[in-house]
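The chain contents come next:
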Amino acid sequence: MEEQLDVEFQQCYQHISTSDKKVAADDMLRLYAYYKQAIGYEEQSNIDHNLTIVSSFKINAWQQVKHLTKQEAKEEYIKLVKKLLS
């Protein structure tokens, strides 16, 4: 089951990465956050305090989903990609 989830996750990543469809900024942040959580992103302890606004938004988005397991994050990522590309 987990192997199938990984395959579907990778396929969705490829589809959304190569899609010409314009994705809203808030959806892009959600995709980023789910992706980072799904791959096991670890926050760096030496965060640059001169972060750009975009970097700050990305970190904030990830912080909001870091309670999810990798599997849950992959499932949410897949659901969002399917919704965006439908």
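The coordinates are above.
Residues numbered from 1 in each chain as written. Predicted model: local features only at pLDDT ≥ 70, side-chain atom pairs only at ≥ 80, totals over all residues. Heavy atoms only, no water.

Engineer: Please give an account of the overall build of the chain that cites residues and values.
Structural biologist: Along its length, the chain carries four helices and zero strands. Along its sequence from the N terminus, the chain presents helices and strands in the succession α-α-α-α. Its C-alpha atoms give the chain a radius of gyration of 13 Å, near enough to 12 Å, the size a compact globule of 86 residues would have. Seen through its C-alpha atoms, the chain measures out along the principal axes to roughly 40 × 30 × 15 Å. Burial statistics for the chain: of 86 residues in total, 27% are counted as buried. Contacts spanning at least 24 positions in sequence make up 86% of the contacts within the chain whose residues lie at least 6 apart. With 11 positive and 13 negative side-chain charges, the chain shows a separation of 5 Å between the mean positions of the two kinds. (Helix = DSSP H or I, 4+ residues; strand = E, 2+ residues; numbered from the N terminus. Rg over C-alpha atoms; globule rule 2.2 N^0.38 Å. Buried < 20%, exposed > 50% of the residue type's maximum accessible area, 1.4 Å probe, protein only. Contact = heavy atoms within 4.5 Å. Lys, Arg positive; Asp, Glu negative; His and termini not counted. Charge placed at Lys NZ, Arg CZ, Asp CG, Glu CD.)

Engineer: So what's going on with the packing of helix α1 (residues 2-18) against helix α4 (residues 70-85)? Residues and values would help.
Structural biologist: For any two helices packed against each other, the geometry is given by the interaxial angle and the distance between the axes. At a closest axis distance of 9 Å, the pairing of α1 and α4 adopts a crossing angle of 40°. It follows from the interaxial angle that α1 and α4 lie oblique. Our pair here, α1 against α4, has a crossing hand that is left-handed. Between α1, through Leu5, Asp6, Glu8, Phe9, Cys12, Tyr13, His15 and Ile16, and α4, the contact on the second element is made entirely by Gln71, Lys74, Glu75, Tyr77, Ile78, Val81, Lys82, Leu84 and Leu85. (Axes fitted to C-alpha atoms, helices over the stretch in contact; angles between N-to-C directions. Parallel < 35°, antiparallel > 145°, perpendicular 65-115°, else oblique. Left-handed = near helix turned anticlockwise from the far one by under 90°.)

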